[in-house]
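So you can see what is in the structure, the chains are spelled out below.
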Number of protein chains: 2
Amino acid sequence: MSTVNLTPTSHVVLGLIARKGPSTSYELKAAVANSIGNFWPFPHAQLYTEPARLAAAGYLNEEREEGGRHRRTYSITDSGRQALAEWIAAPTPTGYEVRDPGLLKLFFGDLAQAPSDLEALAAAQLEAHATRLEEYRELDRLLEGMGVHDHARTTLSFGLVYEEGAVRFWQQVQREHRERGSR
Amino acid sequence: MSTVNLTPTSHVVLGLIARKGPSTSYELKAAVANSIGNFWPFPHAQLYTEPARLAAAGYLNEEREEGGRHRRTYSITDSGRQALAEWIAAPTPTGYEVRDPGLLKLFFGDLAQAPSDLEALAAAQLEAHATRLEEYRELDRLLEGMGVHDHARTTLSFGLVYEEGAVRFWQQVQREHRERGSR
DNA sequence: GCATCACCATATGAATCATACGGTGTAGAT
DNA sequence: ATCTACACCGTATGATTCATATGGTGATGC
């Protein structure tokens, strides 16, 4: 039970187990995939190694299946619950990251050889974001229909804000590009 | 001159050198810091190792100061310029990442012990984003005054969209929280 | 009783990261 | 003159994260 420093991954693991009860890594993987995994991806291997680390530090209990797949089921300890509560109460570092390859390419747009390259970029990005926006909207309607009003849904609504912004942005890029082209 | 696969970092390095001409790692560091580094951070050590890698692959030329600080100045080769153009012309992977610790904490808001924890979170996030928004606006006005209308400024305008969205979002979170609290 | 595929877990080596450390030039003080 | 302090600049390090490959398990259908 040595001390470890808790990364965002740690808090995700602790949080999910605290919320859903005892879970296996595979279950965590599924839970991540359709929520925060949307914008904050983890390689699934981490959801196997991280709980083990947390168990060694005393934040989780580990129970291992004897035969078969040797599934390990993790449950949260008091110490884990406390660490989680402290994290939520602590001041939050303000730095965030947005890593969007399309945006990066746009940033270097002046180095494109053909103007059509940028048109194609804008069109593709617009379509991708519009599709994602529609998916989020559908999911949101679904949750609304189920009467869900939890924090996960609030987080989803940030996704909506983001995608709406992205769609407007790339439309604007397209528009400016056309104007410049036709002048 | 073995083949290497080009990462986003590679393209940033190639792009900056293509745009600004021969540069040292230190100069790259500065150029990154006040542009894309705002939302897509690179540890500065990478701006030293990456150009070396690219030089070994024939995308950059390296010239080394004999005495003193042993600065290496990199300039782009034809091969590098071509790789860059190909990248811009190629279809862009659509996946993006948003890693915001505040959002993550909100996602687990139901596990907070005191409701005031969430209030504090929202207030802090709101303030941080509002500050950043103001900075971006100021920078944008500055560029406008200088008559700058390049792609870097377009990218900045995405930053504006993002921060405006974030501010609205956290205001909304605050509002809902107050309503819920007073009910 | 065998083939096949979805399910589940781990191993691996490479890439990335934060961070610490160590040199170099220079401007002002003494 | 030379010293000292600090800004400038580059590299090394060990830990963490990552993508990807591999391999075992169990259920289903034939």
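Everything that follows concerns the structure shown earlier in this document.
Being a predicted model, the structure only gives us computed values, none of them experimental.

Procedures and definitions
- Residues numbered from 1 in each chain as written.
- Chains lettered and ligands numbered in written order.
- Predicted model: local features only at pLDDT ≥ 70, side-chain atom pairs only at ≥ 80, totals over all residues.
- Heavy atoms only, no water.
- Contact = heavy atoms within 4.5 Å.
- Buried area = accessible area lost by both parts, 1.4 Å probe.
- Salt bridge = Lys/Arg side-chain N within 4 Å of Asp/Glu carboxyl O.
- Least-squares fit on C-alpha atoms with pLDDT ≥ 70 in both.
- Near = heavy atom within 4 Å.
- Polar contact = N/O pair within 3.5 Å; in protein donor to acceptor, adjacent residues only side chain to side chain.
- Nonpolar A, V, L, I, M, F, W, Y, C, P; charged D, E, K, R; others polar.
- Helix = DSSP H or I, 4+ residues; strand = E, 2+ residues; numbered from the N terminus.
- Buried < 20%, exposed > 50% of the residue type's maximum accessible area, 1.4 Å probe, protein only.
- Patch = residues over 30% accessible without salt bridge, like charges linked within 9 Å, V, L, I, M, F, W, Y side chains within 5 Å.
- Areas by Shrake-Rupley, 256 points an atom, 1.4 Å probe, with all protein chains shown as cover.
- Axes fitted to C-alpha atoms, helices over the stretch in contact; angles between N-to-C directions.
- Parallel < 35°, antiparallel > 145°, perpendicular 65-115°, else oblique.
- Left-handed = near helix turned anticlockwise from the far one by under 90°.

(A) Just the interface of chain B and chain A, in detail. Contacts between the two partners involve 65 residues from chain B and, on the opposite side, 65 residues from chain A. Of the roughly 6,500 Å² buried between chain B and chain A, counting both surfaces, carbon and sulfur atoms make up 69%. Of all residues in chain B, the largest losses of buried area upon contact with chain A belong to Tyr 96, Lys 105 and Phe 107 of chain B, amounting jointly to 13% of the total for that side. At the junction of chain B with chain A, the criterion picks out two salt bridges.

(B) Geometry of the relation of the copies chain B and chain A. Screw-axis analysis of chain B against chain A gives a translation of 0.0 Å along the axis, an RMSD of 0.0 Å, and a rotation angle of 180°. Overall, the copies show the geometry of a two-fold rotation axis. Closest approach to the rotation axis among the C-alpha atoms of chain B is made by Val 98 of chain B, whose C-alpha sits 2.3 Å away. Looking at chain B, 100% of its interface residues are interface residues in chain A too, so the copies touch through the same face.

(C) Inspection of the protein's contact with DNA strand C at higher detail. By nearness alone, 14 residues border DNA strand C, and Tyr 26, Arg 71 and Arg 72 of chain A together with Gln 46 and Arg 69 of chain B come closest of all. Sugar plus phosphate: this is where 84% of the atoms of DNA strand C within 4 Å of the protein reside. Within the side chain of Arg 71 of chain A, one N or O atom sits 3.3 Å away from a phosphate oxygen of DNA strand C. Arg 72 of chain A places a polar side-chain atom, nitrogen or oxygen, 2.8 Å from a phosphate oxygen of DNA strand C. Of the residues contributing to the surface near DNA strand C, the split by class is five nonpolar, four polar and five charged.

(D) The arrangement of the pattern of salt bridges in detail. Inspection of the entire model under this criterion finds 18 salt bridges over all chains. In this structure, Glu 164 of chain B and Arg 137 of chain B form a salt bridge, with 3.6 Å as the shortest nitrogen-oxygen distance. You can see Glu 164 of chain B sitting in helix α7 (residues 151-182) and its partner Arg 137 of chain B sitting in helix α6 (residues 115-145), a full 27 residues away along the chain. On the basis of relative accessible area, Glu 164 of chain B is assigned to the partly exposed category, the value being 29%. Between Asp 140 of chain B and Arg 153 of chain B there is a salt bridge, and its shortest N-O distance comes to 2.8 Å. Note that Asp 140 of chain B is positioned in helix α6 and Arg 153 of chain B in helix α7, a separation of 13 residues in sequence. Both residues of the pair, Asp 140 of chain B and Arg 153 of chain B, belong to the buried class. One salt-bridge network, in which partners are shared between bridges, spans Glu 134, Arg 137, Arg 141 and Glu 164 of chain A.

(E) The arrangement of a nonpolar patch on the surface in detail. On the surface, a cluster of nonpolar side chains totalling about 300 Å² of accessible area is made up of Leu 139, Leu 142 and Met 146 of chain A. Assignment of secondary structure puts Leu 139 of chain A in helix α6 (residues 115-145).

(F) Main features of the packing of helix α2 (residues 25-33) of chain B against helix α3 (residues 46-56) of chain B. Residue and element names in this part refer to chain B. Interaxial distance between α2 and α3 falls to 9 Å at its minimum, and their mutual angle equals 120°. By the angle between their directions, the pair α2 and α3 is classed as oblique. Handedness of the α2/α3 crossing: right-handed. Side by side, α2 and α3 meet where Ser 25, Tyr 26, Leu 28, Lys 29 and Val 32 of the first sit next to Leu 47, Tyr 48 and Pro 51 of the second. Grouping the amino acids of the contact of α2 with α3 by side-chain chemistry returns six nonpolar, one polar and one charged.

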